[in-house]
Every structure is written in structure tokens, then in C-alpha cells.
Amino acid sequence: MATPIPTNKVKLTLGEVAQATGGALHGNPDLTIEGVAIDSRAIVPGALFVAIVGESLDGHRYVSSARDQGAAALLEQVREESDATLSELPRVEVPDTTRALGDLAAYVRQRWNRKIVAITGSAGKTTTKELTAAALTGAGARVLKTTGNLNNQFGVPMTLFGLTEEHDVAVLEVGTSMRGEIARLGEIVRPDVAIVLLASAAHTEGLGTLADVADEKASLWRSLADGGTAIVNADDAQLASRVPADACTMSFGTGEHVDVRLVRSELTLSGTEVVIFVRGHGELRVKLQLLGDAAAIDACAALIGSVALLGERALGAAALGLEQAQATPGRMQPRAGVGGLTLLDDTYNANPRSTELGLQTLKKLADATGGRSVAVLADMLDLGALSRTEHERIGELAVRMGIDVLVGCGRQMAHATGQAARLAGGRLAPHPTRVVQVLEPLDAIAVLKSFCRPGDVLLVKGSRSMAMERIVAALAAPSAHPSAQPSAASSAAASSKGEGQT
């Protein structure tokens, strides 16, 4: 389900490229390029090709291809060995092309010089990005937003290259899988509004402890532009304690003393009806097309972020705009299943907090519709030393919540089903939870078909590499929209580390 990197037509001179990156110029500084590409297959005539060096791929191998496609210039990494093909293009040489890509994007962002909202957190980034963009559009702003989840050291710069005079504001998703990545992306983006949703166990293999995750997420606030606003989830104590003392701060959450408070939410098959209290304005009622309490709290973050950017005059229009946001494929997307099933397609990715929120939505929807709750969960990866503990916690949570059926897929999820099986008949269980474990996700399809019945609600979720969309595709009704299938990622995106950015 990789998101293709969009093309762009940003105009720069080769001299500007050298100035922005601090690189050595070899060619006419007045040469104008149109477009920046990191994938030789995406070159348009006149573009700059950036030869990214990744863990397994080296963009310099594709310089000839980029030239044949019409590349006008090259941003290359200085290397000991020489390649005769490189001298055939005007070029700028830098020590690190990945860093130079970010530096060039920062230059474009500064030149554009309009407003940016940046969003990070261990869960909910993409949903909040979509909600924020919808709210700002509803308030009359012309918005550029991150496509899909292009939130890493390649996706963020490539999104910034799409900025034009036709945009008033950009809404960008910022992710991480290693320490210091958010700080670097924040340095590039320099947001006017920085929304940090929550800090939970995700990519702890690369980030460390939960406190380390909170430090990483909170670093986005330190990159705020002058006069910028930090948006904080007051329900997350770890994050709330990390807001810079000198930052202009606005808050959201479920507590009494916040600027935007989620009062209540009611789940239906068509979405979530939400009541939001805004300090100084009273209650607003919003009908989201998205499912669950997670979407409801994300809507609060999007609303306060929009007000922080546009002012209180935009509140009413921004709230109406929230209602236009639609479910993103693979992210708590309801779909009709065979034989009267309801599928909750949350297959894009998984970490403990997003899985916990998914289970809550599953339980609420099953209770509301009178069906059984069936959780089909695959391994949550990149958790390092926390993996067994977090999987066991999810198994226990499923039992405590009264999930009717828990189907585990994969070696790590066996810890969850093992814990659930131990507890299922005990006093912690509201009623017995049926527990099934398979090694391969595809093996779950026959199991599910054997015992699922009309009215059952199935949550399907797992880390990206578990490819749980295959289960959704097998169980979806023939008339349902086809599940999004993985597409070829660019060479640069494919070379980034980990399961994805969080």
C-alpha cells in the first residue's frame, strides 16, 4: 500500500540548488530546472534528478536513465569512484544527497513563505491530516496536504516541492522510525502550527523507551516558526510535560480545562456523531464520516489546529469542513463483507495504541449493531524489547473488553492469543472469548469463513508487512470497492528503515 510520490513543477536555478544545499556547482548557475525527482522513472524533461543513496539502492546507478528521460541537472553525492556519465549533466555535488534534498525543500518552503500545519504522533496522523485539510478547506483556504503517508525524510521534502502560489496553507504529516528524525523534518518544515497527538509504544526498536518516543514526538514543537502555536493533547501526560515553556500553546482532549474538549461521541455504521465543546463558544455538533473515538479526538485536534492558524472567525466553517473528510483506505474503513459481515479495514499499519483504539471501535460498533465482535490481528512489528509485553497486553485487553472472537496471525501475535486464552475463562472476562491462532495471515481466511455469521463485525489489523488487506479482499462482498493493493514505491522510499513512520 505504498504511496506513489507525486510529481512537481517547482522552478529553481542550478545556482539556487547549490546555494540551498551548500554544494559544489558544476555548470551554469542560471540554468533553470523545472521539477525535482528522486526516482529516475518519474523524471520529466527539464527536471533535477537527486541521486539518493539508501541502504540497498544507489540512485547514481540510474543517472543515465534519468538523463535519457530528459533530466536537465543532477544533485549527486561525492564519492571516491568516478562515473563518466555524471559529467554529462550540469550538477551540484554534496556530501549527502538525502540531507541536501531536505535542505533544498527547506529553501522552497522559506521562499513560499506561507502557513504550514505539521502533525505527528504515534497514531492518528493521517486521519488528523485529512480532517485538518478538510476543516481548512471548509474555512476557505486553498490547501496542499501530504499524499497518503509520505511523512519521512523523502516524502516530506517531495511534498514541499509541490507548493505553489495557488496554495494558502500546507498540512503535512511528519513521522519517525529513528531518533532525531522529527527534529530534522521540523527543521525543514518550520511549521506555524505543530500538532502532537500522542506518544505510545511504536517503533521502540529504533526509538527506545516510551519516554524516548515522547521526546521524539515533542521535538516537533521546538521547530515552530516565530509566533507559532503548539497544539497539545492534554490527556497525554508525557507530552503535556514536554511542551516548551515559551511556546504559545492550545490544547485538546477529554478533560475540563482544555480549549477544545470531546464531550461525547456516538458510533453508527455511517460514521461518528460528535459533540465538541470549544472554550468561549460552547458546543458544536459534528457528523463525521469516520468511525470511532479516535477519529472524534482527532477531529478536536484538527479543529483547534485550524483555529490556531486562521483565527476564531473560522470556527463554524472549519467544523462544517470536518464533516467532508472521508475514510482513508486501510484506516478504519467500513466495508460490506460476504454473507452479511461488516469489515473494519484497518490494515494499513499497527502499533499497540492504534490496535487498542481499533478494539474499542470494534466493540462499540458490534454492540450498536447487535453483532459479534471479531478481532483479526496480526503482528505489531518494530517494538524491540517491548514486543512480547505489548502483544500480551493486547490479548488481555481483548478479553477485558469482551471481544467475542480473537484471531491472531503471526509469531508475535501468538503472545496475545496465548495471554487471551489463559484469561478467557477467568474472572476478568465479561464472557468467554473464543481464541484462534494461525501462523500465516492467509490461513485465517478459511477459519473465519467457517464460523463467521451474518451481522458479525470484523476488525482486520496488523503491521504493514503482514499484508492483512489480503484477508479483507477475500472476505469483502463482490460489490464492495476493491481493497487497495501495494504499489511500487520509489527507490528512495523503499530504502527507508523500518515498517514505516509513526
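Residues numbered from 1 in each chain as written. Predicted model: local features only at pLDDT ≥ 70, side-chain atom pairs only at ≥ 80, totals over all residues. Heavy atoms only, no water.

1. Structural notes on the pattern of salt bridges
All told, the structure shown has 28 salt bridges when counted by the stated rule. The network of salt bridges with shared partners includes R99, D103, R184 and E187. (Salt bridge = Lys/Arg side-chain N within 4 Å of Asp/Glu carboxyl O.)

2. Let's talk about the side chain of T417
Note that T417 resides in helix 14 (residues 413-423). In this structure the side chain of T417 is engaged in a polar contact, spanning 2.7 Å, whose partner is the side chain of Q437. T417 has contacts with L406, G408, V435, V436 and Q437, leaving out every residue within four places of it along the chain. (Helix = DSSP H or I, 4+ residues; strand = E, 2+ residues; numbered from the N terminus. Polar contact = N/O pair within 3.5 Å; in protein donor to acceptor, adjacent residues only side chain to side chain. Contact = heavy atoms within 4.5 Å.)

3. Some words on the nonpolar core
Ranked by size, the top nonpolar core spans 55 residues in total, and within it L12, V36, L48, L101, L160, F161 and W221 carry the most contacts. Residue contributions to this core peak at 7 residues, all from helix 3 (residues 97-112). Excluding residues that lie within four positions of it along the chain, F161 makes contacts with N8, V10, V36, L101, L104, A105 and V108. Of all hydrophobic cores here, the second largest spans 41 residues; its members include A135, I231, V278 and L303. (Core = buried A, V, L, I, M, F, W, Y, C linked by side-chain atoms within 4.5 Å. Buried < 20%, exposed > 50% of the residue type's maximum accessible area, 1.4 Å probe, protein only.)

4. As for the packing of helix 1 (residues 14-21) against helix 3
For the pair helix 1 and helix 3, interaxial distance at closest approach is 8 Å and the crossing angle is 110°. It follows that helix 1 is roughly perpendicular to helix 3 by the angle criterion. Within the contact between the two elements, helix 1 uses E16, V17, Q19, A20 and T21 and helix 3 uses A100, D103, L104, Y107 and R111. Class assignment for the residues of the contact of helix 1 with helix 3 results in 5 nonpolar, 2 polar and 3 charged. (Axes fitted to C-alpha atoms, helices over the stretch in contact; angles between N-to-C directions. Parallel < 35°, antiparallel > 145°, perpendicular 65-115°, else oblique. Nonpolar A, V, L, I, M, F, W, Y, C, P; charged D, E, K, R; others polar.)

5. Description of the sheet that holds strand 8 (residues 115-120)
On the basis of which strands lie adjacent, the open sheet formed by 9 strands has the order 9-10-8-11-12-13-14-15-16 and mixed pairing. Looking at strand neighbours, the two that pair on one side only are strand 9 (143-145) and strand 16 (282-288), the edges of this open sheet. This sheet shows a mean twist of 20° between the axes of neighbouring strands, independent of strand direction. Helix 10 (residues 293-310) rests against strand 8, strand 10 (169-173), strand 11 (193-196), strand 12 (229-233), strand 13 (248-253), strand 14 (260-268), strand 15 (271-278) and strand 16 of the sheet, and its axis sits at about 140° to strand 14. (Pairing = 2+ DSSP bridges.)

6. Side note on the sheet that holds strand 6 (residues 73-77)
Spatial strand order, 2-7-6-5-4: 5 strands in an open sheet with mixed pairing. One side of each edge strand has no neighbouring strand; the edge strands of this open sheet are strand 2 (24-26) and strand 4 (36-37). Pairing geometry for strand 4 and strand 5 (residues 48-50), over 2 bridges, is parallel. Note on strand 5: the bridge partner recorded for V36 is L48. Packing against the sheet, helix 1 makes contact with strand 2, strand 5, strand 6 and strand 7 (91-94), and its axis sits at approximately 5° to strand 7. Across the face of the sheet, helix 3 comes into contact with strand 4, strand 5, strand 6 and strand 7 while running at roughly 130° to strand 6.

7. Describing the environment of S223
Assignment of secondary structure puts S223 in the loop between helix 8 (210-218) and strand 12. Residues S223 and P191, spaced 32 residues apart in sequence, show a C-alpha to C-alpha distance of 7.0 Å. Residues contacting S223, with those up to four places away along its chain left out, are G186, E187, R190 and P191. At 2.6 Å, the side chain of S223 forms a polar contact with the backbone oxygen of L220.

8. Focus on helix 12 (residues 352-369)
Over its 18 residues, helix 12 extends 26 Å from the first C-alpha to the last, a length consistent with the 26 Å expected when each residue adds 1.5 Å. As for helix 12, its buried residues are in contact with strand 14, helix 10, strand 18 (342-346), strand 19 (373-378), helix 13 (387-401) and strand 22 (457-461). N-capping of helix 12 is provided by N351, with a side-chain oxygen placed 3.1 Å from the backbone N of R353. Residue G370 follows helix 12 closely and has a positive phi angle near 85°. (Expected span 1.5 Å × (residues − 1).)

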